[in-house]
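# Examining the three-dimensional arrangement
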Amino acid sequence: MSAACPSCGRPVDAHNRHVRFTLPDPVLDLPEQERTPDTWMSHASARESVMMQVPGLGAFVRALLPVRLTGGYTITFGVWIAIDPAHLQGIHAIWMEPEYQDLRMAGWLANAVPPWGLLFAPVQTVVRDPDQTPYCDSSADPQLDRVLHEEWPHDLVLAADDRPVSGQSAHG
């Protein structure tokens with residue numbers, strides 16, 4: 001049994017967690033979702049995949065969006081980034097190569113992140129560790145940039161995301 005946080009009352013072990021979105025929000029709105037004909041995914045399922053392209057909708061790549069909580073905790077969202085489909089093949093070509101460490105992506109957040117939303121906010125990603133998916137690093141959207149660079153109260157973020165704690169797979 002984990003000790004309770006003095007700030008928000010939740011178990012302390014719920015503060016450093018990873019939440020992985022299975023699909024980009026626009027794909028959730030499709031009748032067949034990732035089973036839409038001619039959809040390409042980098043792995044056997046959307047949960048395992050780090051890239052996908054859906055006909056008529058676009059290309060998506062996974063990224064990590066860490067949110068710093070007060071007290072030194074972090075909740076990391078495994079999000080999808082919508083990218084220019086013309087860049088997907090080049091990203092796929094270097095994903096498991098040494099060049100991956102220099103990958104920079106520009107795109108739009110393809111998941112609404114609780115409690116802020118931020119769906120389709122522009123975002124820039126960088127590779128901080130070549131063994132992990134890229135990290136959301138900055139944004140021209142003032143709210144998303146604040147989310148990326150400021151500390152947030154436990155209760156605000158954890159209450160908005162009271163889903164069960166899930167494992168986050170790293171790069172690939």
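Remember, it's a predicted structure, so these values are computed and weren't measured experimentally.

With that out of the way, let us pick up the overall build of the chain. From N to C terminus, the chain includes 4 helices and 9 strands. For the chain, the succession of helices and strands along the chain, N to C, is β-α-β-β-β-β-α-β-β-β-α-β-α. Burial analysis of the chain (172 residues in total) assigns 44% to the buried set. Summarising the internal contacts of the chain: among those between residues at least 6 apart in sequence, 59% fall at separations of at least 24. Accessible area for the chain stands at about 8,400 Å²; split by element, carbon and sulfur atoms hold 53% of it.

This paragraph deals with the confidence of the model for the chain. Residues at a pLDDT of 70 or more form 83% of the chain, whose mean pLDDT is 86. In the model, residues 163-172 has pLDDT below 50 throughout and makes 30 contacts with residues more than four positions away in sequence or in other chains.

Let us now look at the side chain of arginine 20. For arginine 20, the position within the fold is in strand S1 (residues 17-20). Comment: no salt bridge for buried arginine 20; closest opposite-charge side chain is glutamate 48, at 8.7 Å. There is a polar contact of 3.0 Å between the side chain of arginine 20 and the backbone oxygen of arginine 47. A polar atom in the side chain of arginine 20 sits 3.4 Å from the backbone oxygen of serine 49.

Moving on, we come to the pattern of salt bridges. Enumeration over the complete set of coordinates arrives at 3 salt bridges. With its nearest N and O atoms 3.3 Å apart, the salt bridge here joins aspartate 137 to arginine 128. For arginine 128, a relative accessible area of 48% corresponds to the partly exposed category.

The rules we used
Residues numbered from 1 in each chain as written. Predicted model: local features only at pLDDT ≥ 70, side-chain atom pairs only at ≥ 80, totals over all residues. Heavy atoms only, no water. Helix = DSSP H or I, 4+ residues; strand = E, 2+ residues; numbered from the N terminus. Buried < 20%, exposed > 50% of the residue type's maximum accessible area, 1.4 Å probe, protein only. Contact = heavy atoms within 4.5 Å. Areas by Shrake-Rupley, 256 points an atom, 1.4 Å probe, with all protein chains shown as cover. pLDDT = per-residue confidence, 0-100. Lys, Arg positive; Asp, Glu negative; His and termini not counted. Salt bridge = Lys/Arg side-chain N within 4 Å of Asp/Glu carboxyl O. Polar contact = N/O pair within 3.5 Å; in protein donor to acceptor, adjacent residues only side chain to side chain.

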